[in-house]
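Chain by chain, the residues run as shown.
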Amino acid sequence: GGSSGSTLRHEIMILQDGRSASLNLKEWRVADVLEWCQSTLELPQYVDSLEKNSVDGMVLFNLSEDDLKELGIKNKMHILKFISHLDELVSRSSN
């Protein structure tokens, strides 16, 4: 069966995401933010910009729509995706 490889990869993704998810958003390092952007948001084109600007969890926590545009995220759907997922993270972290 050729499907065993994809199953394993799926499990690894869950583990990676789970590690980040278990941390309070404010405790995320830049690497966690990059992983989140690539895996959860599926917007790998912004990873470079986030890394260059050293965006960690604390920055992400306080990010506004204007800040996203500053990072080069101009696409309305991408901004919506960012904000929606971020709201979810923020509400989860404030518990």
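For clarity, every value in this text was computed on a predicted model and none was experimentally measured.

Procedures and definitions
- Residues numbered from 1 in each chain as written.
- Predicted model: local features only at pLDDT ≥ 70, side-chain atom pairs only at ≥ 80, totals over all residues.
- Heavy atoms only, no water.
- Core = buried A, V, L, I, M, F, W, Y, C linked by side-chain atoms within 4.5 Å.
- Buried < 20%, exposed > 50% of the residue type's maximum accessible area, 1.4 Å probe, protein only.
- Helix = DSSP H or I, 4+ residues; strand = E, 2+ residues; numbered from the N terminus.
- Contact = heavy atoms within 4.5 Å.
- Polar contact = N/O pair within 3.5 Å; in protein donor to acceptor, adjacent residues only side chain to side chain.
- Expected span 1.5 Å × (residues − 1).
- Arc of directions from axis to C-beta.

Caption draft 1: Highlighting the nonpolar core. Of all hydrophobic cores here, the largest spans 21 residues; its most connected members are Trp-36, Cys-37, Leu-50, Leu-60 and Phe-82. Of all the secondary structure elements, the ones that give two or more residues to this core are helix 2 (30–40), helix 3 (47–52) and helix 6 (76–93). Setting aside its immediate chain neighbours within four residues, Leu-60 contacts Leu-25, Trp-28, Val-33, Trp-36, Val-55, Phe-82 and Leu-86.

Caption draft 2: Representation of the side chain of Ser-39 within the structure. Among the secondary structure elements, Ser-39 is positioned in helix 2. Side chain to side chain, Ser-39 and Glu-35 meet in a polar contact 2.5 Å long.

Caption draft 3: How the structure looks around the environment of Asn-53. The residue Asn-53 is located in the loop between helix 3 and helix 4 (57–61) in this model. Note: C-alpha distance between Asn-53 and Glu-70 (17 residues apart in sequence) is 10.0 Å. In this structure the side chain of Asn-53 is engaged in a polar contact, spanning 2.7 Å, whose partner is the backbone oxygen of Ser-49.

Caption draft 4: Examining helix 6 more closely. Taking 1.5 Å of rise per residue, 18 residues should cover 26 Å, and helix 6 covers 25 Å from first to last C-alpha, within 8% of that figure. If you check which residues of helix 6 are buried, you get His-78, Ile-79, Phe-82, Leu-86, Leu-89 and Ser-93. For helix 6, the buried positions fall inside an angular range of 100° around the axis, keeping them on one side. Across helix 6 from its buried face, at more than 90 degrees, point the exposed residues Lys-76, Met-77 and Asp-87. Buried residues along helix 6 sit in contact with helix 2, helix 3, helix 4 and helix 5 (65–70). Capping the start of helix 6 is the job of one residue whose side-chain oxygen sits 2.8 Å from the backbone nitrogen of Met-77: Asn-75.

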